[in-house]
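A closer look at the structure
Now for the letters of each chain:
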Amino acid sequence: MKQHFTIIALGLMAIALVYLRFTASQPTRTQMRVGNTTIAVEIADTVGKQRQGLSGRDSIAADQGMYFPMGQLAIHSFWMKDMRFPLDIIWIRAGQIVDISENVPYPYGDHAPVVARPKEPADAVLEVNADFTEKHGVKVGNRIELLSH
């Protein structure tokens, strides 16, 4: 009987660990208003998700992005390691765009990955497809708002 209980307990723990591992790696998704445009965003809300970012993906949809709440105001650096497509990187402070790095190229051939930095300290970053800011008239000074989270 004791052995039977131990096997059941171990099985339940294994199921719980698999569930936690799977759900912990799933991105948090929400809607965000960028200027006058609403997009779907994944929130990189852990160090692991921030380190991975959009690296390794072939693309994202035109109406999607990845939001990085950085937790502190600083001149954060983002590099394009393992990226496969160019980005616009939107630097945010207190819900307002303070800088935009447009058309940041991905590394190709033997080129080293580009490192992007804002001109001013930021406490959050939004990565979107290159040319997004131009197509949607997004400018420094525009507001950024998470619509649900």
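Everything that follows concerns the structure shown earlier in this document.
Residues numbered from 1 in each chain as written. Predicted model: local features only at pLDDT ≥ 70, side-chain atom pairs only at ≥ 80, totals over all residues. Heavy atoms only, no water.

Focus: the sheet that holds strand 6 (residues 96-104)
Filter applied, for reference: A pair of strands counts as paired when DSSP detects no fewer than two bridges linking them. A run of DSSP states H or I qualifies as a helix once it reaches four residues; a run of E qualifies as a strand once it reaches two. Both are numbered from the N-terminal end. Orientation is described by axes fitted as lines to C-alpha atoms, over the contacting stretch for helices, and by angles from 0 to 180 degrees between their N-to-C directions.
Here 7 strands make up an open sheet; going across it, the order is 6-5-8-3-2-1-9 and the pairing mixed. Only two strands of the sheet have a single partner each, and these edge strands are strand 6 and strand 9 (144-146). Pairwise comparison of adjacent strand axes, ignoring direction, gives a mean angle of 30° for this sheet. Pairing of strand 1 (residues 28-34) with strand 2 (residues 37-43), which is carried by 7 bridges, proceeds in the antiparallel orientation. Counted as the bridge partner of Thr28 is Ile43 from strand 2.

Brief notes about the nonpolar core
Rules: Among buried residues, those of type Ala, Val, Leu, Ile, Met, Phe, Trp, Tyr and Cys that are joined through side-chain atoms within 4.5 Å constitute a nonpolar core. For the exposure calls, accessible area comes from a 1.4 Å probe over protein chains only, and a residue counts as buried if that area is under 20% of its type's maximum, exposed if over 50%, partly exposed in between. In what follows, a contact means two residues having at least one pair of non-hydrogen atoms within 4.5 Å.
Counting residues in each nonpolar core, the largest one holds 17 residues, and the members touching the most others are Leu54, Leu87, Ile89 and Trp91. Within the residue set of this core, elements represented by two or more residues are strand 3 (64-74), strand 5 (87-93), strand 6 and strand 8 (122-129). In terms of residues, this core owes the most to one element, strand 5, which gives 3 residues. If near-sequence neighbours (up to four positions away) are discounted, Ile89 is found in contact with Phe78, Asp99, Ile100, Ser101, Val104, Ala116, Val125, Leu126 and Glu127. Counting residues in hydrophobic clusters, the runner-up holds 16 residues, among them Val41, Ile100, Val128 and Val138.

Things to note about the packing of aromatic side chains
Stated precisely, the cut-off is as follows: Centre distance within 6.5 Å is the pairing criterion for rings of Phe, Tyr and Trp, where only the six-membered ring of Trp is used; planes under 30 degrees apart are then read as stacked, over 60 as edge-to-face, and the remainder as tilted.
For the coordinates displayed, the defined rule picks out 3 aromatic pairs. Relative to Trp91, the ring of Phe78 has its centre 5.6 Å away and its plane inclined at 85°; by these criteria the two rings are edge-to-face. Of the two residues, Phe78 sits in strand 4 (residues 78-79) while Trp91 sits in strand 5, which places them 13 residues apart along the sequence. Between Tyr106 and Tyr108 the ring centres are 5.9 Å apart and the planes differ by 70°, which places this aromatic pair in the edge-to-face class. Taking relative accessible area as the criterion, Tyr108 reaches 47% and is therefore assigned partly exposed. Three or more aromatic residues joined by ring pairs make a cluster, and in this case those are Phe68, Phe78 and Trp91.

A look at the layout of surface pockets
Quick note on the threshold: Cavities and pockets were defined on a 1 Å grid built over protein atoms only: a cavity is a set of grid points that admits a 1.4 Å probe from which the probe cannot escape, a pocket is an open set flanked by protein on both sides within 12 Å along at least five of seven lines, and lining residues are those with an atom within 4 Å of any such point. Grid points are joined across faces, edges and corners, and a volume is the space filled by probe spheres set on the points. Put simply, Ala, Val, Leu, Ile, Met, Phe, Trp, Tyr, Cys and Pro go in the nonpolar bin, Asp, Glu, Lys and Arg in the charged bin, and everything else, Gly too, in the polar bin.
A volume near 290 Å³ is recorded for the largest pocket. Of all the secondary-structure elements, those providing two or more residues to the lining of the largest pocket are helix 2 (47-52), strand 3 and strand 4. For the lining of the largest pocket, the class distribution of residues is 6 nonpolar, 5 polar and 4 charged.

Considering the environment of His111
What counts, and what does not: Pairs of N or O atoms within 3.5 Å make up the polar contacts considered here, provided that, within protein, one atom can donate a hydrogen while the other can accept it, and that residues adjacent in sequence are counted only when both atoms are side-chain atoms.
Structurally, His111 can be placed in the loop between strand 6 and strand 7 (115-116). Among the residues examined, His111 registers a relative accessible area of 49% and is labelled partly exposed. There is a polar contact of 3.1 Å between the side chain of His111 and the backbone oxygen of Tyr108.

Here we look at the pairing of strand 5
Every other side chain in a regular strand lies on the same face of the sheet, so the side chains alternate between the two faces. Counting buried positions along strand 5 yields 6 of 7 residues, so the element is predominantly enclosed. Judged from the 6 bridges that link them, strand 5 and strand 6 form a sheet pairing that is antiparallel. When the sheet's bridge partners are listed, Ile89 is paired in strand 6 with Ser101. Hairpin connection from strand 5 to strand 6: 2 residues lie between these consecutive antiparallel strands, with Ala94 at a positive phi of about 50°. Bridge analysis of strand 5 against strand 8 gives 6 bridges, and the strand direction is antiparallel.

By themselves, these observations are geometric and do not establish any function.
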